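# Coordinate analysis (summary)
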2 protein chains.
Amino acid sequence: MRLILSALLIIALSMETRAADLFNERDLEIARELRELAMSRDGGFDVVEDLTTRIGPRLAGTEDDARAVAWAVDLLNDLGFDRVWKEPVTFPTWSRNFERVRVTSPVEQRMEALAIGYSPATPEGGIEAEVVMLDDLDALIAAEPEDVEGRIVFIRNRMERSRDGSSYGPAVQARARGAIVAAEKGAVGVIIRSIGTSTNRFAHTGGMRFDLGQRRLPAAAISNPDADQLERLVGLGEPVRLQMEIDAQKTEAYTSHNVIAEITGAKYPEKIVALGAHLDSWDVGTGALDDGAGIAIITEAGRLILDLEQRPDRSIHLIFFAAEEIGLWGGRAWAEKHHENFENLQLGAESDFGAGPVYEIGARVVDEAWPVIKAIQRELEPLGIALGRRQASGGPDFLPSLPHGLAVVDLRQDGTTYFDYHHTENDTLDKIDPDDLAQNAAAYAVLAWLAAQSPIDFGSGPALLEQERASAD
Amino acid sequence: MRLILSALLIIALSMETRAADLFNERDLEIARELRELAMSRDGGFDVVEDLTTRIGPRLAGTEDDARAVAWAVDLLNDLGFDRVWKEPVTFPTWSRNFERVRVTSPVEQRMEALAIGYSPATPEGGIEAEVVMLDDLDALIAAEPEDVEGRIVFIRNRMERSRDGSSYGPAVQARARGAIVAAEKGAVGVIIRSIGTSTNRFAHTGGMRFDLGQRRLPAAAISNPDADQLERLVGLGEPVRLQMEIDAQKTEAYTSHNVIAEITGAKYPEKIVALGAHLDSWDVGTGALDDGAGIAIITEAGRLILDLEQRPDRSIHLIFFAAEEIGLWGGRAWAEKHHENFENLQLGAESDFGAGPVYEIGARVVDEAWPVIKAIQRELEPLGIALGRRQASGGPDFLPSLPHGLAVVDLRQDGTTYFDYHHTENDTLDKIDPDDLAQNAAAYAVLAWLAAQSPIDFGSGPALLEQERASAD
């Protein structure tokens, strides 16, 4: 038994050594210098401060969006990237004028509400109807049409707090699909409890599933305290009536741009390490956490590498994605334009989960490249970043690239408080801690640098898809 | 030296003993039973839940105010108080329709704002002017008129956090007097940083000094994050212009009511222990902390005593004051009506500082009664309540009674987070912890009971005034 354990230990140690040997010492030294330098600075706080101050909210498809794109081009040119360019992204727009939600019976009370993205407008003067309260989307799916018909559906499920944000997915179904399912059953409007974890009185907006063909009802989210109040009012046992009025408009097509900056690789300029963040935000806050923080983090990582005496072996791209919030349109356009070149994509990694510290790295790469990820993790270890699951999404804007086999890395952030602010007017600069931002920038700088210097590719494209198919068989 | 210390110790101990002997054992037993029973319940959470659910916001002078008064009369009658009555309170009203504050240059951005109570409306379409940023009210007082004339004054002073709320007084001067001083200097509008401690994006409303004779400018408070943003925009060095529009109206006179409930004293029915809280609230939240909590606390204290097998020696009054927020009108009316009877007022004590736990008792009483306060404090000690300064205000609604010599007690609450919610739409039921509410109710029940059983009066009226004059000489 002891012999077996010793043998295992030797094998394990030799694997460690082999992984550490993957990089040459000079590249590891530079990674450590980048890490230390990043930690001594503010993680690009100046970038998100400038973005949120000079531009503020920047809903995709608005004038603010266009101003943000111009701001980004100027910033990246001023920082001296080797190339800066724009790639068009065309999408249907949606914008709010106002929303009003009021209880009219048994008492008159205003509710703090935000229309959900792509909600149709109500007729002028709004709609008024009795409320039917349901526990969650499943309860709506199971409801008899006669219990819902002519009513305003109130879906009351509450999002739980979690570090990794995994509680968002189940809760958000009410927002994504509630207005479509309720339409099928003859309801006249939908109110959801905000998909958010704070007890502060902010409604959380966000998109509903976009499907031109399907009928959708006017839909709005109310804050957690207002949802509590509505539950109590329903609990009094008398019929509760709500009035809701939404004024919003859509357009068929607007063209914004992904903005891309390149540090051109010295050895393999055609091979690309792609760091992403999205430039657009919801219209209600200044989009500091979502996703000004991501813009700051990858910009800081990029300029740290730009300031090195040498260019990396592979190219590094910063991608400021357009129109993430209202449907991942920038990510879709990027996948569409570039997926045939994915053999040259070393990896994609997007920062879009606020400004909490990174605690874990995960990756989707070919088997041969997993030791490289482990070697990179060892350089991230001093930042408190552990090795996580061998799976990753790369972040929202790389989701459309996953079916094309893009290798992706997740630098998983602590999101315990992220959903307190996400998609609210309370997403403002003061919510960002520059020290946490610096830790993120350090992690992205180390990741980008070492991925660019990796002795092997991570297998994006057909290779990765083939390996996944084989292991699934 | 040892002898002296021993002698001092003996004197101290004998003073302790004498104070404890002030009450008979049965009265102390009942005080302890009240305390324990109160701590095993929820402090009247059901009361504030019902008030904030069935009535919600209840700005003085509105229909909601009238509904709240009816609710209070019903509640107090249902609880079986010996007498319940209303006393008229007449005051000028103010109510908001809307306010909008926007930066128009160098960028367009919405600011989260609330008009300040008694702010005049702007002309339709609003006013637009360049901003002049000033550090605080003193800076405005010192400003040259030519630097202010034609401008919108932005007063940026920030309220600090404190347990006892002492940081409120200095900060609130900007709200109370800014619009009056700025008018004298030819400004056209006033924006203040909210008088609040939270970094959440809520504006804090509140009254400005009410003075019919003086000209006042339209004035609004913006949230802390918006004030930060405005400072940053001014810091860019280009002129910053604001547009502000306020629609609000005043009336000359509305009559609401103080609602009073009595537990009639068995021995001295004409002598009164007066517990207060205010029933009105600002219009934006549901007034849970301010002052639904106070209503809950004194109601719970009252019904605990009402449930005893015996009536107290003196009468106990619960006073639900009207129209506190917009100018202490209920407190003024009560002082006016009752001050000639203050010899019969044992004490006044108002709960109006949210739902944080009580940490200290202070009192304004005649010298002879101070040992009684110390004896009461010993029964509060198990609740974590220390003996504080021999001075007190009694709470906002007893302020107008102080010049008439009312003896008052403060049960000082931990207000560390109170000004995060105070006067915002975020003042909702979920901010109240029933355990803290129970501790407050326990303290008020013990105070009211023992004050009613006290062997001596606290000296309200001419006696107290005379003693204070003598000690000031």
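Residues numbered from 1 in each chain as written. Chains lettered and ligands numbered in written order. Predicted model: local features only at pLDDT ≥ 70, side-chain atom pairs only at ≥ 80, totals over all residues.

## As for the overall build of chain A
Summing up its helical and strand segments, chain A has 14 helices and 14 strands in all. What you see for chain A is a C-alpha radius of gyration of 24 Å, in line with the 23 Å of a compact globule of 473 residues. Across its three principal axes, chain A shows a C-alpha extent of roughly 75 × 60 × 40 Å. Evaluated residue by residue, chain A yields a buried proportion of 55% over its 473 residues. Residue pairs at least 24 apart in sequence account for 84% of intrachain contacts in chain A once pairs closer than 6 positions are excluded. (Helix = DSSP H or I, 4+ residues; strand = E, 2+ residues; numbered from the N terminus. Rg over C-alpha atoms; globule rule 2.2 N^0.38 Å. Buried ≥ 20, exposed ≤ 12 C-beta atoms within 10 Å, placed from the backbone. Contact = placed C-beta atoms within 7 Å.)

## Considerations on the domain arrangement of chain A
Residue and element names in this part refer to chain A. Entries for chain A in the domain assignment read domain 1 (23-82 + 264-472) and domain 2 (93-248). Computed from C-alpha atoms alone, the centre-to-centre distance between domain 1 and domain 2 is 34 Å. On the side of domain 2, 23 residues touch domain 1, which itself brings 23 residues to the contact. At three residues, helix α12 (residues 418-421) tops the list of elements feeding residues into the side of domain 1 that touches domain 2. (Domains from an automatic or database assignment.)

## Things to note about the interface of chain B and chain A
Put simply, an interface is often sized by how much accessible area is lost when its parts join up. Opposite the 19 residues of chain B that make contact, chain A presents 19 residues. In terms of residue count, helix α8 (residues 224-235) of chain B provides more of the side of chain B that touches chain A than any other element does, five residues in total. Its residues assigned to classes, the side of chain B that touches chain A shows four nonpolar, eight polar and seven charged. (Nonpolar A, V, L, I, M, F, W, Y, C, P; charged D, E, K, R; others polar.)

## Describing the environment of A:Phe419
Residues and elements named next belong to chain A. Position of Phe419 among the secondary structure elements: in helix α12. Overall, the presence of 24 C-beta atoms within 10 Å leaves Phe419 in the buried class. The spacing of Phe419 and Met159 is 260 residues in sequence and 8.9 Å in space, taken between C-alpha atoms. For Phe419, the contacting residues outside a window of four places in its chain are Met159, Tyr168, Gly196 and Thr197.

## Structural notes on the relation of the copies chain B and chain A
Expressed as a screw operation, the relation of chain B to chain A combines 0.0 Å of axial shift with a rotation of 180 degrees, fitting to an RMSD of 0.0 Å. In symmetry terms, the pair is related by a two-fold rotation axis. Closest to the rotation axis within chain B is the C-alpha of B:Asn200, separated from it by 4.1 Å. Most of the interface of chain B is mirrored in chain A: 100% of its interface residues are interface residues there too. (Least-squares fit on C-alpha atoms with pLDDT ≥ 70 in both.)

## Details of the packing of helix α11 (residues 370-380) of chain A against helix α13 (residues 434-453) of chain A
Packed helices, taken two at a time, are described by the angle between their axes plus the distance between the axes. All names here are of chain A. Taken N-terminus to C-terminus, the directions of α11 and α13 make an angle of 145 degrees; their axes are 10 Å apart at the nearest point. The handedness of the crossing between α11 and α13 is right-handed. Along its contact with α11, which presents Ile376, Glu379 and Leu380, the element α13 presents Ala443, Val446, Leu447 and Leu450. Looking at side-chain class alone, the contact of α11 with α13 contains six nonpolar, no polar and one charged residues. (Axes fitted to C-alpha atoms, helices over the stretch in contact; angles between N-to-C directions. Left-handed = near helix turned anticlockwise from the far one by under 90°.)

## Regarding unusual backbone geometry
Following A:Ser105, the chain continues into A:Pro106 via a peptide bond in cis, with omega recorded as 10 degrees. The omega torsion across A:Asp290 and A:Asp291 is 5 degrees, close enough to zero to call that bond cis. Mapped onto the elements, A:Asp291 comes out in helix α9 (residues 288-306). Phi angles above zero are rare outside glycine, and B:His423 is one such case at about 70 degrees. One can find B:His423 in the loop between α12 (418-421) and α13 (434-453). Overall, B:His423 belongs to the buried group, with 30 C-beta atoms counted inside 10 Å.

## Points about the confidence of the model for chain A
When the pLDDT values of chain A are averaged, the result is 95; 96% of them are 70 or greater. For this predicted complex, the interface confidence reaches an ipTM of 0.92, while the overall pTM sits at 0.93. (pLDDT = per-residue confidence, 0-100.)

## Comments concerning the nonpolar core
Counting 147 residues, the largest nonpolar core has A:Val153, A:Ala220, A:Tyr444, A:Ala445, A:Val446, A:Leu447 and A:Ala448 as the members making the most contacts within it. A per-element tally of this core places α13(A) first, with 14 residues. If you count residues domain by domain, this core takes at least three from each of domain 1 (23-82 + 264-472) and domain 2 (93-248) of chain A. The residues contacting A:Ala448, other than those within four sequence positions of it, are A:Val273, A:Leu275, A:Ala301, A:Ile305 and A:Ile316. In this structure, B:Ile152, B:Ala261, B:Ala296 and B:Leu464 belong to the second largest nonpolar core, which totals 146 residues. (Core = buried A, V, L, I, M, F, W, Y, C linked by C-beta atoms within 7 Å.)

## Considering helix α3 (residues 45-55) of chain B
Taken residue by residue, α3(B) has B:Phe45, B:Val47, B:Val48, B:Leu51, B:Thr52, B:Thr53 and B:Ile55 as its buried positions. Downstream of α3(B) by one or two residues, B:Gly56 has phi in the positive range, about 75 degrees.

## Describing the pairing of strand β14 (residues 408-413) of chain A
On a regular strand, one side chain projects to one face of the sheet and the next to the other, so that they alternate. All names here are of chain A. β14 sits mainly inside the fold: six of its six residues count as buried. Residues Val408, Asp410 and Arg412 line one face of β14 and the alternating positions Val409, Leu411 and Gln413 line the opposite face, and both faces are buried. Where strand β12 (residues 358-364) lies against β14, six bridges are found, and the strand directions are antiparallel. Bridge pairing in β14 places Ile361 opposite Leu411. (Pairing = 2+ DSSP bridges.)

## Looking at the pairing of strand β8 (residues 241-263) of chain B
Residue and element names in this part refer to chain B. Two elements, strand β1 (residues 83-105) and β8, share 20 bridges in a ladder whose sense is antiparallel. Bridge pairing links Glu99 to Ile246 in β8. In this structure, strand β4 (residues 127-134) lies alongside β8, joined through four bridges in antiparallel fashion. Along β8, the bridge assignment pairs Glu128 with Gln243.

## Concerning the environment of B:Thr122
Residue and element names in this part refer to chain B. As for its placement among the helices and strands, Thr122 is situated in the loop between β3 (113-115) and β4. With 123 residues separating them in the primary sequence, Thr122 and Glu245 have C-alpha atoms 5.6 Å apart. Contact partners of Thr122, with chain neighbours within four places excluded, come to Ile127, Pro218, Met244, Glu245 and Ile246.

## Some remarks on the packing of helix α2 (residues 25-39) of chain B against helix α9 (residues 288-306) of chain B
All names here are of chain B. Their axes nearest at 11 Å, the elements α2 and α9 cross at an angle of 125 degrees. Judged on the interaxial angle alone, α9 and α2 are oblique. Between α2 and α9 the crossing geometry is right-handed. Contacts between α2 and α9 pair Leu34, Leu37 and Ala38 from the former with Glu300, Leu304 and Ile305 from the latter. Per-class residue counts for the contact of α2 with α9 are five nonpolar, no polar and one charged. (Parallel < 35°, antiparallel > 145°, perpendicular 65-115°, else oblique.)

## Some thoughts on helix α10 (residues 329-338) of chain A
Where burial is concerned, most of α10(A) is hidden: seven out of the 10 residues are buried. Residues of α10(A) that are buried include every one of A:Trp329, A:Gly330, A:Gly331, A:Ala333, A:Trp334, A:Ala335 and A:His338, and no others.

## Let's talk about the environment of A:Ala176
Relative to the helices and strands, A:Ala176 is located in helix α7 (residues 168-184). Considering only alpha carbons, one finds A:Ala176 and A:Gly117, 59 residues apart in sequence, at a separation of 9.6 Å.

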